[in-house]
Amino acid sequence: GPKVLQIPSHQIIDMGQMVTLNCDPVSNHLYFYWYKQILGQQMEFLVNFYNGKVMEKSKLFKDQFSVERPDGSYFTLKIQPTALEDSAVYFCASSRDISNERLFFGHGTKLSVL
Amino acid sequence: GEQVEQLPSILRVQEGSSASINCTYENSASNYFPWYKQEPGENPKLIIDIRSNMERKQTQGLIVLLDKKAKRFSLHITDTQPGDSAMYFCAASDYNQGKLIFGQGTKLSIKP
């Protein structure tokens, strides 16, 4: 089936540093998402993105977070500066359309902030 | 509100029996309800979904029911097997917003 690729699979970083998580969405998909999952808990919506713009962001999407997809390359989530509570698995997802469309998830990037 | 509530959080059933997971949602505009299965260290994988124009859908041992009036939907796994052991998440989204709001998850364990 369609695949969403995420790089890296695991990132260890010191608190206060910047980190960029990369996502390669399914090729004909237009809508992109980031979700955060703390071990054993639910997936929490962070942000969705379409046509170069953020469509909606949740309360979890702090000012230190930003997303972009320059020139159709990776869809990225940048955290600057990182905090201890940012440690989690971040899942990227994409869908072809906005309404009633299936989201396909990548394998996640496990972020460990020390 | 946008909350999706999922119960139970832990479910243990005997192999061969059925397992049921229930979810309720708050947003009356919700019209798409997928179910995801997540194994340890893996990404969530869509196993079945239902749209608001249906009340029941069945595929390969999975049944989903949707009661729009009660804002409730459920997953039923018939004839459970050891490979069904995993976390299961329900979710809901609406036409305008598109984002999925997930339930808290159910850890399903199948006892041999």
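In case you missed it, the structure is sitting above this.
Quick caveat: nothing in here was measured; it's all calculated off a predicted structure. (Residues numbered from 1 in each chain as written. Chains lettered and ligands numbered in written order. Predicted model: local features only at pLDDT ≥ 70, side-chain atom pairs only at ≥ 80, totals over all residues. Heavy atoms only, no water.)

> I would appreciate a short explanation of unusual backbone geometry in the present structure.
Peptide bonds are mostly trans, and most non-glycine residues show a negative phi. The step from A:Ile7 to A:Pro8 runs through a cis peptide bond, and the omega angle for that step is -5 degrees. In this fold, A:Pro8 is placed in the loop between strand E1 (5–7) and strand E2 (10–13). Residue B:Leu7 is joined to B:Pro8 through a cis peptide bond whose omega torsion reads -5 degrees. Within the element layout of this structure, B:Pro8 appears in the loop between strand E1 (4–7) and strand E2 (10–14). Even without being a glycine, A:Asn51 presents a positive backbone phi close to 55 degrees. Inspection of the secondary structure puts A:Asn51 in the loop between strand E5 (43–50) and strand E6 (53–57). Judged by relative accessible area, which is 59%, A:Asn51 ranks as exposed. Positive phi, normally seen in glycine, also occurs at B:Lys71, with a value near 55 degrees. With respect to the element layout, B:Lys71 can be found in the loop between strand E7 (62–67) and strand E8 (72–77). (Helix = DSSP H or I, 4+ residues; strand = E, 2+ residues; numbered from the N terminus. Buried < 20%, exposed > 50% of the residue type's maximum accessible area, 1.4 Å probe, protein only.)

> Would you explain the pairing of strand E3 (residues 19–24) of chain A in this entry?
Sheet faces and side chains relate simply in a regular strand, where the side chains alternate between the two faces. Residue and element names in this part refer to chain A. Examined bridge by bridge, E1 and E3 share three bridges and lie antiparallel to one another. Across the sheet, the residue bridging to isoleucine 7 is asparagine 22, located in E3. Bridge analysis of E3 against strand E8 (residues 75–79) gives five bridges, and the strand direction is antiparallel. By the bridge assignment for E8, leucine 21 is matched with leucine 77. (Pairing = 2+ DSSP bridges.)

> In this structure, what is going on with the sheet that holds E1(B)? I would like to understand it.
Within a beta sheet, neighbouring strands are joined by backbone hydrogen bonds and run either parallel or antiparallel to one another. Residues and elements named next belong to chain B. Strand order in the open sheet formed by five strands is E1-E3-E8-E7-E6, with antiparallel pairing between adjacent strands. Since the sheet does not close on itself, it has two edges, and those belong to E1 and strand E6 (56–59), each with one partner. Averaged over neighbouring strand pairs, the angle between their axes works out to 15 degrees when direction is ignored. Pairing of E7 with E8, which is carried by six bridges, proceeds in the antiparallel orientation. Opposite leucine 62, over in E8, you have isoleucine 77 as the bridge partner. (Axes fitted to C-alpha atoms, helices over the stretch in contact; angles between N-to-C directions.)

> Mind showing me how you'd approach the side chain of B:Lys99 here?
As for its position among the elements, B:Lys99 is in the loop between strand E9 (86–94) and strand E10 (101–102). Residue classification places B:Lys99 among the buried positions, given a relative accessible area of 2%. Among the polar contacts made by the side chain of B:Lys99, one reaches the side chain of A:Glu56 at a distance of 2.4 Å. If we skip the residues at most four places from it in the chain, B:Lys99 touches A:Tyr33, A:Tyr35, A:Phe45, A:Asn48, A:Glu56, B:Glu2, B:Ala92 and B:Ser93. (Polar contact = N/O pair within 3.5 Å; in protein donor to acceptor, adjacent residues only side chain to side chain. Contact = heavy atoms within 4.5 Å.)

> Would you mind going over the interface of chain B and chain A with me for this structure?
When the parts of a complex come together, some accessible area is lost, and that lost area is often used as the size of the interface. Each side of the interface is counted separately: chain B has 23 residues, and chain A has 20 residues. Summing both partners gives a buried area of about 1900 Å² for chain B against chain A, and 50% of it is carried by carbon and sulfur. Taken together, the links from chain B to chain A amount to two salt bridges. Here A:Glu56 ties to B:Lys99 by a salt bridge, and the two come within 2.4 Å at their closest N and O atoms. (Buried area = accessible area lost by both parts, 1.4 Å probe. Salt bridge = Lys/Arg side-chain N within 4 Å of Asp/Glu carboxyl O.)

> Sorry, what's going on with the sheet that holds strand E7 (residues 65–68) of chain A here?
All names here are of chain A. The strand order across the open sheet formed by four strands is E1-E3-E8-E7, and the pairing between neighbours is antiparallel. Two strands bound the open sheet, and with one partner strand each, they are E1 and E7. Taking the axes of each pair of neighbouring strands and ignoring which way they run, one obtains an average angle of 20 degrees across the sheet. The sheet contact formed by E7 and E8 spans four bridges and is antiparallel. Among the inter-strand pairings, valine 67 is bridged to a residue of E8, identified as leucine 77.

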